[in-house]
Amino acid sequence: MPNSPRFYARRIATAVGVVGATMTLTLTSAGISHASPSGGYGPGEGRMGISAEQEMVGKQPRQITPQDTSGVQGIDVSHYQGDINWGSVKNAGIEFAWIKATEGTDFRDDKFNANYTGAYDNGVIRGAYHFARPASSSGAAQADFFAKNGGAWSADNLTLPGVLDIENGSSSQCHGLSQSAMRNWISDFYNTYKDRTSRDVVIYTTANWWNTCTGGWTGMSDKAPLWVAHWTTGSPTIPTGFPAWTVWQYTDSGNIGGINPVDRDKFNGSRDRLLALANNTTVASPRVDVP
């Protein structure tokens, strides 16, 4: 879509010949790209795929033509997608969605309420996600903010556990934290979120970010389901420290239910297993469900 933030980000990067995964752009809700004063993304501008987008500079993201219909399909959205017709999304075969709710400790996505309710009303199994800002406040503070502003959970057959979106997004790849400090930050977020909701948080990240910024930490491998971002065909590269992926974001170039572009996701298992993840039942253990 010519007016989308990602279209402009890629076009500018191509025009100036910028390469390398460390290149960072700031995207505004108006779809114009700027470099922020800190070298990272401005408040509220974080979204799933920032790391993957940076890692794809100089490469061609996977195009879905006409669309991938294998397995249990999902999407993830934020205010960048604008108004969404969730009936069309459901009719297009989308079974689940994660929706941006919060960022840091003071930003709530202005499309969250409409998206969260719209997905629910149309039978799309949905959950909320939080874009992490580890440089700005503690993991505990951000988990508390998330749980109070969209990240809560209920056993209603349509609500997935919340997601910690942990990737690039500040002036440095690892937000200025050492590997040990990052591990502690993630642990604090996990523990606080579980205390507030009773659920294990899902971790969304890329292999490169996790391996670089946590040192391939295994501390979440038996606690948090992994949602890996890797825009490729075949199968994703998963971070060291996790046995398998639960969800795979395989492209940012989807066109589904009138949303173009949108991130496309696949669940690693059957719809019954997806419901088990949503309802916290013992029917399945999607953390280790390898195809």
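For the structure, check the block above.
Please read all numbers here as calculations on a predicted model, not as lab measurements.

Draft legend 1. A look at the overall build of the chain. Within the chain one finds eight helices and 11 strands. Across the 291 residues of the chain, 57% fall into the buried class. Considering only intrachain contacts with a sequence separation of at least 6, the fraction spanning at least 24 residues in the chain is 66%. Here the chain displays about 11,300 Å² of accessible surface, and carbon together with sulfur accounts for 49% of that area.

Draft legend 2. Examining the packing of helix H6 (residues 179–197) against helix H7 (residues 207–214) more closely. In the contact formed by H6 and H7, the axes pass within 7 Å of each other and the chain directions differ by 115 degrees. On the basis of the axis angle, H6 is roughly perpendicular to H7. For the pair H6 and H7, the contacting residues are Gln-179, Met-182, Arg-183 and Ile-186 in the first and Trp-209, Trp-210, Asn-211, Thr-212, Cys-213 and Thr-214 in the second. Of the residues contributing to the contact of H6 with H7, the split by class is five nonpolar, four polar and one charged.

Draft legend 3. Layout of the state of the cysteines. Inspection of every chain in the model, using the stated rule, returns one disulfide. Here Cys-174 is linked by a disulfide to Cys-213, with a sulfur-sulfur distance of 2.0 Å. Looking along the S-S bond of the Cys-174-Cys-213 disulfide, the torsion reads about -80 degrees, which is the left-handed sense. With Cys-174 in the loop between strand S7 (163–165) and H6 and Cys-213 in helix H7, the pair connects residues that are 39 residues apart, well separated along the chain. Residues Cys-174 and Cys-213 agree in their burial class; the two are buried.

Draft legend 4. Broad picture of the pattern of salt bridges. Enumeration according to the criterion identifies 10 salt bridges in this entry. Where Lys-111 meets Asp-83, a salt bridge forms, and the shortest distance between an N and an O atom there is 2.6 Å. With Lys-111 in the loop between strand S5 (107–108) and helix H4 (112–121) and Asp-83 in the loop between strand S3 (72–77) and helix H3 (86–91), the pair connects residues that are 28 residues apart, well separated along the chain. Notably, a salt bridge pairs Lys-100 with Glu-103, separated by 2.6 Å at the nearest N-O pair. The exposure classification of Lys-100 matches that of Glu-103, with both residues buried. A single salt-bridge network, built from bridges that share partners, covers Asp-144, Lys-148, Asp-195 and Arg-196.

Cut-off values and rules
- Residues numbered from 1 in each chain as written.
- Predicted model: local features only at pLDDT ≥ 70, side-chain atom pairs only at ≥ 80, totals over all residues.
- Heavy atoms only, no water.
- Helix = DSSP H or I, 4+ residues; strand = E, 2+ residues; numbered from the N terminus.
- Buried < 20%, exposed > 50% of the residue type's maximum accessible area, 1.4 Å probe, protein only.
- Contact = heavy atoms within 4.5 Å.
- Areas by Shrake-Rupley, 256 points an atom, 1.4 Å probe, with all protein chains shown as cover.
- Axes fitted to C-alpha atoms, helices over the stretch in contact; angles between N-to-C directions.
- Parallel < 35°, antiparallel > 145°, perpendicular 65-115°, else oblique.
- Nonpolar A, V, L, I, M, F, W, Y, C, P; charged D, E, K, R; others polar.
- Disulfide = S-S within 2.5 Å.
- Salt bridge = Lys/Arg side-chain N within 4 Å of Asp/Glu carboxyl O.

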